[in-house]
Amino acid sequence: MTQGLDPQLPPEIETFRSRSRLDLLSAWQRRGTDGSWQGALADPWARLHRPDWHARGLMAWPRGGQTRRLVLELSCPPSWRGRAPALARLVLRWWAAAAELRVDGRTVHRGDLFDSSCRWALPQCWWEGKPLRLELELRSPLHDDGALMLSRIEAEPLDPADPDGLLAATRLELEQLRQSPPGEPGGFHLLGHAHLDLAWLWPVADTWQAAERTFRSALDLIEHHSELHFGHSTPALYAWLERHRPELFGRIRAAMRAGRWEPINGPWVETDCVLLDTASLLRQFQEGQTYSRRTFPEWEHQLAWLPDSFGFAAGLPAVAAATGVRWFCTHKLAWNATTPFPHRLFRWRSRCGAEVLALMSAPIGTDGDPLAMERYRLEWLAATGDAEALWLPGVGDHGGGPTREMLEQLDLWRDNDATAPQRHGSLRDYLRRLEPLSAQLPVWRDELYLELHRGCATSRPDQKRHNRTLERLLREADLASVLLGDPGHCLETSGWRDLLFQQFHDILPGTSIPEVFEQAEPQWRAARRGACRRRDRALRAWLEPGGTPAQGTGAEVEPWWWAQLQPLPAAPLTLRLPAGHWSLREQALPSQPAPSGGHWVQLPSPGGVAALQLRRQRQRPGAAPPLASHDPSIVNPVRLETLAAGERWRLGNGLLWAQLGPLGLEQLWGGDHSPQLAEPLQWRRWIDRGEFWDAWDLAADYRQHPLPLHWQPGPVLAEVGPLCTRLVWRGRCGASALRLDLQLRAGCPWLELNLRVDWRQRHELLRLELPLQHPAVRWAADTSAGVIERIAAAANPREASRWEVPAISWLASQSSTGGLAVLLDGPQGVSGSTAALGVSLLRGPTWPDPGADNGAQRLRLALMPCAQGWRQAGVAPAAVRFREPCWLRPAKGSSASVPGSVLQLGHPDLRLISLVGEGQGECNGRGSPARLTVQNLSPCRQQLELGGEWEVLERIDALGGPLAAAAGVASAGTHAVDRTRVGPWQLASWRISRRGRRRDP
Ligand SMILES: [Zn+2]
């Protein structure tokens, strides 16, 4: 992504510049509407429409892919002739989607939005008086006006002694910048780099070509430049090359073995780090680290390279450290719009105490400009006290990498005493040199919040839906394979890589062009189908060993399997099942016909991962016995009372109560009868426009631009009964129709809100706002890699900048008397303050995807009062239960051995992250070993207790290695009690296995 435009130079230095520079910007001509040639800079459009750029002397023209053709007859100035031999370069920098430079009819350079400059060497004949005809053709970006920012001739000495003083002006500027004694230690550590987005303003297929081009170019430069080192990330990209371009991969491997090409990996792709659930964030690192260790064994893999992701969750150090990562590198926090991030080099610590060393690296996409390098080095020195700065020359975003011109510019200055010395080397060498500083480094115990791009959790909701569904299906498939004891299941095969790829930092956030999402759609669907099949096959084989033959086909009573694939606490569950009379262990289950088909049924869910066999008797007409609302068999039945004048209702189930009126939810009470809302629930609409990065950014001033949203008065009672009662409101939001279903189930501690929208708005924001009766002191949310708790009243600009943050599955206010939680069906942008909680539901950005969020959208949320606080009320397991459906399938026959509850963790605050088979075959005659990863979502130590069927073999790191290898994880003792203890907020892994009574398929 682009850097800012060039600053203007001080006038005194410009005087020196005239010896070696010739500004061309005012000399370009373009053809006017009357066909005559005119000065291009004098075009009145820029003065009128981009006065900011015009004032800075830039040549600008309108956006929308418009082409600007410029010509220039270029002659050597008479005063430059007769000097010592020199090299003249045509230096151009543009902001254009495409650029082509032709000289005397021949194309000499092509570029784009990312490859946005050139330093083309003029031929010798120019010095001898032959004029050159330059033609420059530039196409403006679709989303922004185009600009020619820089256009000049620079003369460089061919004699290192520089007899004509061509470098004098730059030398003077460098000296003014440094203002420190010569001979000061320090310098530049150079590593060629090429940031390559796996998809963005181009589809994935184009990325493979860009990668191939970039890598061949980097290898050629390495061969010709004896010191150049090149570093590149992304295991997914290396794996593609290994498979599809073995010859190129072989050349890269040879350069790696020679130490000149450095894999800088970490996760499987440069992933988004705030919209993933903990299991897939962990899997990003597991997959990336496992591949890197196996494929590039001559390198140590202890760093995570994430220069461009849009913020980093507070739990990321724990996840990274568990897979052997010691260094985390990014540049993105330099993009903060309000408060600069205070550290360049620091220790980043998760809540559990695990930490990584963190480097806020040099910018990416830079060249060999000595002044830019020195400015950066001085900033680095001031921030860290260290005088040697990392510099990463190389065109980026769409690949590219270092160029010959860039290396020549670096070489021009490398032995000049006005600049700090340069050294080419690996990132690992650079980090190794910094390690002795680690004890004195500041510690950051918080998320790395990017104060920009706050719309990414809300844009393109379809990508978020696919992601959360595939995350769940893959976890369930892994778990089912372990339950089955399937030894053929290993870490690489399983659809995870398909998911991890789509989590790239411009796909999942919804910030790519439409083609990227169109091409992702069949891949999402295929991966979902594959995971579903794998899960179903394993669950069936586990539940029906030997394929129990069907009994009594067509019988009136059919057996069905119900399974819960998360270790949740025991609770009554009210579910909608296919129509019929349902029973469990010969006991009829309470049931209520559902108008949309099937029956609501309440069943006692056992705790833990569990399976039950239900029986269904197909219903015959007229055979359904009416269900009384006071039926004693129902746990916490729903009651609906009409209040005064028949315009208001009171809905409750003994766990919560809601007052409903003509315009929706007016009040909510929890078990303590304390009111939760200061005002009725609000669905609100605002203008959301005016930001440069359209799909990325919510407009910071959106609250100043409200728009109306209308509800038709009075709900319709859609269904009323002791197991489920539902009311429906309809309304309009601009041109978009709204339908809100509000539903309460028996025995359920939350009130469910289902908003269906035919979304047609552009540049608008739709939100849910909950005005809080009890002012919040703090508010908590489930984020990637753990729970984060934030102060509700911002005490400083940094806290105030977090007015919109991503949450994965819930958020909750915390007041002196408890709090109110909102359960989410997927990652969403949310907000919390003393007075209110809010959830962003839909936006309508138009760049880079013109129809991003439009179409039919369904948003599912729930409100859950939590009298004692989110943890005591069990909000985290409730959010799992709210968003993850149970597994229900007809059984092939009645089974004598029903598993019941098969896996517990021992405490509701212990969250199952993953359970994956190791595929290593039998282990000491027991079931196949599996890797279990659990996170403790509490400030107290907890003990893992799996139940009698399971045996803990050993505590491991998240790659399956001995625990000591994982930095930052407290070492486990040898006693069983220590081995299974999980510290506050800790992420912990074990190798476990089923005991002897494994059921062989
Ligand atoms: Zn990027």
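Parameters at a glance
- Residues numbered from 1 in each chain as written.
- Predicted model: local features only at pLDDT ≥ 70, side-chain atom pairs only at ≥ 80, totals over all residues.
- Heavy atoms only, no water.
- Helix = DSSP H or I, 4+ residues; strand = E, 2+ residues; numbered from the N terminus.
- Buried < 20%, exposed > 50% of the residue type's maximum accessible area, 1.4 Å probe, protein only.
- Polar contact = N/O pair within 3.5 Å; in protein donor to acceptor, adjacent residues only side chain to side chain.
- Contact = heavy atoms within 4.5 Å.
- Axes fitted to C-alpha atoms, helices over the stretch in contact; angles between N-to-C directions.
- Parallel < 35°, antiparallel > 145°, perpendicular 65-115°, else oblique.
- Left-handed = near helix turned anticlockwise from the far one by under 90°.
- Nonpolar A, V, L, I, M, F, W, Y, C, P; charged D, E, K, R; others polar.
- Pairing = 2+ DSSP bridges.
- Donors = N, O, S within 2.8 Å, 3.2 Å for Na, K, Ca; no water.
- Tetrahedral: all angles 85-135°; square planar, octahedral: opposite > 155°, others 65-115°.
- Phe/Tyr/Trp six-rings, centres within 6.5 Å; stacked < 30°, edge-to-face > 60°.
- Lys NZ or Arg CZ within 6 Å of the ring centre and 35° of its normal.
- 1 Å grid on protein atoms, 1.4 Å probe; cavity = no way out; pocket = protein on both sides within 12 Å on 5 of 7 lines; lining within 4 Å.
- Points joined across faces, edges and corners; volume = space filled by probe spheres on them.
- Expected span 1.5 Å × (residues − 1).
- Salt bridge = Lys/Arg side-chain N within 4 Å of Asp/Glu carboxyl O.

(A) Inspection of the side chain of Arg 535 at higher detail. Inspection of the secondary structure assignment puts Arg 535 in helix α16 (residues 514–543). The class for Arg 535 is buried, based on a relative accessible area of 6%. Engagement of the side chain of Arg 535 in a polar contact is seen with the side chain of Glu 476, the distance being 2.6 Å.

(B) Main features of helix α7 (residues 235–244). Summarising burial for α7: seven of the ten residues are buried, a large majority. Residues Pro 235, Ala 236, Leu 237, Tyr 238, Ala 239, Trp 240 and Leu 241 constitute the buried set of α7. At its buried positions, α7 is contacted by α6 (204–224), β14 (230–232), α8 (246–257), β15 (261–263), α9 (278–295) and α15 (496–502).

(C) Here's a closer look at unusual backbone geometry. That bond from Trp 847 to Pro 848 is cis: its omega, 5 degrees, falls within 30 degrees of zero. With respect to the element layout, Pro 848 can be found in the loop between β48 (836–842) and β49 (855–866). Even without a glycine there, the phi angle at His 453 is positive, about 55 degrees. Along the chain, His 453 falls in the loop between β22 (443–444) and α14 (461–484). By relative accessible area, His 453 is classed as buried at 5%. One non-glycine residue, Asn 636, lies in positive phi territory at about 50 degrees. Here Asn 636 is to be found in the loop between β29 (609–617) and β30 (639–642). A relative accessible area of 25% means that Asn 636 is categorised as partly exposed.

(D) The packing of α7 against α8, seen in detail. Their axes nearest at 6 Å, the elements α7 and α8 cross at an angle of 125 degrees. Considered as vectors, α7 and α8 are oriented oblique to each other. Where α7 crosses over α8, the handedness of that crossing is left-handed. Of the residues in α8, those in contact with Tyr 238, Leu 241, Glu 242, Arg 243 and His 244 of α7 are Pro 246, Leu 248, Phe 249, Ile 252 and Met 256. Residue composition of the contact of α7 with α8, by class: seven nonpolar, one polar and two charged.

(E) Summary view of the sheet that holds strand β13 (residues 192–193). The sheet built from three strands is open, its strands ordered β13-β14-β15 with parallel pairing. The open sheet has two edge strands with one neighbour each: β13 and β15. As defined by bridge partners, β13 adjoins β14 across two bridges and the pair is classed as parallel. Following the sheet pairing, His 193 is matched in β14 by Gly 231.

(F) Summary view of the pairing of strand β19 (residues 355–360). Across the six residues of β19, five count as buried, placing the element largely inside the fold. Where strand β17 (residues 327–330) and β19 come together, four bridges link them in parallel fashion. Opposite Thr 330, over in β19, you have Met 360 as the bridge partner. Counting the residues between successive antiparallel strands, the hairpin from strand β18 (residues 345–349) to β19 contains five residues, one of them, Gly 353, with a positive phi of roughly 105 degrees.

(G) Highlighting the packing of α14 against α16. Here α14 crosses α16 at 25 degrees, and the two axes come no closer than 8 Å. What the angle tells us is that α14 and α16 run roughly parallel. Of the two possible hands of crossing, α14 and α16 adopt the one that is left-handed. Along the lines of polarity and charge, the residues of the contact of α14 with α16 split into 17 nonpolar, five polar and seven charged.

(H) Seen up close, the coordination of the zinc ion. The coordination sphere of the zinc ion contains the protein donors His 195 (NE2), Asp 197 (OD), Asp 308 (OD) and His 505 (NE2), at a distance range of 2.0 to 2.2 Å. Around the zinc ion, the four donor atoms are arranged such that angles at the metal cover 87 to 166 degrees; this shape is classified as irregular. Coordination of the zinc ion draws on donor residues from a single chain, spaced H-x1-D-x110-D-x196-H in sequence. Separated by 113 residues along the polypeptide, His 195 in the loop between β13 and α6 and Asp 308 in the loop between β16 (303–305) and α10 (316–322) bring together distant segments of the chain. The residues His 195 and Asp 308 share a single accessibility class, namely buried.

(I) View of the sheet that holds strand β32 (residues 657–661). Strand order in the open sheet formed by four strands is β30-β31-β32-β33, and the pairing between neighbours is antiparallel. Each edge of the open sheet carries a strand with a single partner, namely β30 and β33 (664–669). Neighbour-to-neighbour, the strand axes of this sheet turn through a mean angle of 20 degrees, independent of strand direction. As defined by bridge partners, β30 adjoins strand β31 (residues 649–652) across four bridges and the pair is classed as antiparallel. When the bridges of β31 are listed, Glu 641 appears paired with Arg 650.

(J) How the structure looks around the packing of aromatic side chains. One pass over the full model with this rule turns up 33 aromatic pairs. On the numbers, 5.9 Å between centres and 75 degrees between planes, the contact of Trp 200 with Trp 202 is edge-to-face. Exposure class is identical for Trp 200 and Trp 202. Each is buried. Ring geometry for Phe 215 versus Trp 261: centroids 5.1 Å apart, planes at 85 degrees, classification edge-to-face. Residue Phe 215 is located in helix α6, and its partner Trp 261 is located in strand β15; the two are separated by 46 residues in the primary sequence. Taken together, the ring pairs in this structure connect Phe 114, Trp 200, Trp 202, Trp 335, Trp 693, Trp 696 and Trp 847 into an aromatic cluster. The ring of Trp 53 carries Arg 50 above its face, with NZ or CZ at 3.8 Å from the centroid. In this structure, Arg 351 packs its charged tip against the face of Trp 985, placed 3.7 Å from the ring centre.

(K) Spotlight on the pairing of strand β43 (residues 786–791). Counting buried positions over the six residues of β43 gives five, a clear majority of the element. By the bridge criterion, six bridges tie strand β42 (residues 778–783) to β43 in an arrangement that is antiparallel. Looking at the pairing, Ala 780 lines up with Glu 789 of β43. Once β42 ends, the chain turns through two residues before running back antiparallel as β43, passing Ala 785 with a positive phi of about 75 degrees.

(L) Representation of the side chain of His 189. Structurally, the position occupied by His 189 is in strand β12 (residues 187–190). A polar contact is formed between the side chain of His 189 and the backbone oxygen of Ser 426, at a distance of 2.8 Å. Every residue in contact with His 189, bar those within four places of it in the chain, is listed here: Glu 388, Ala 389, Leu 390, Trp 391, Arg 423, Gly 425, Ser 426, Asp 429 and Tyr 430.

(M) How the structure looks around empty space enclosed by the protein. Under the criterion given, the structure shown has 17 cavities of 30 Å³ or more. Of all the secondary-structure elements, those providing two or more residues to the lining of the largest cavity are β43 and β44 (805–807).

(N) Broad picture of α9. The first and last C-alpha atoms of α9 sit 26 Å apart over 18 residues, in line with the 26 Å expected at 1.5 Å per residue. Within α9, 15 of the 18 residues are buried, leaving the element largely enclosed by the surrounding structure. The N-cap residue of α9 is Asp 277: its side-chain oxygen and the backbone nitrogen of Ala 279 are 3.1 Å apart.

(O) Region of interest: the pattern of salt bridges. Counted by the stated rule, this structure contains 85 salt bridges. Of the charged contacts in the structure, one is a salt bridge between Glu 100 and Arg 110, with a shortest N-O distance of 3.7 Å. Placement of the pair is Glu 100 in strand β7 (residues 98–103) and Arg 110 in strand β8 (residues 106–112), with a sequence separation of ten residues. Judged by its relative accessible area of 57%, Arg 110 is exposed. Ionic pairing is found between Arg 525 and Glu 521, a salt bridge with its closest N-O pair at 2.8 Å. Placement of both Arg 525 and Glu 521 in helix α16 is noted, with a separation of four residues, approximately one turn of the helix. On the basis of relative accessibility, which here comes to 45%, the residue Arg 525 falls in the partly exposed class. Through salt bridges with shared partners, one network takes in Arg 21, Arg 89, Arg 119, Arg 152, Glu 154, Glu 156 and Glu 408.

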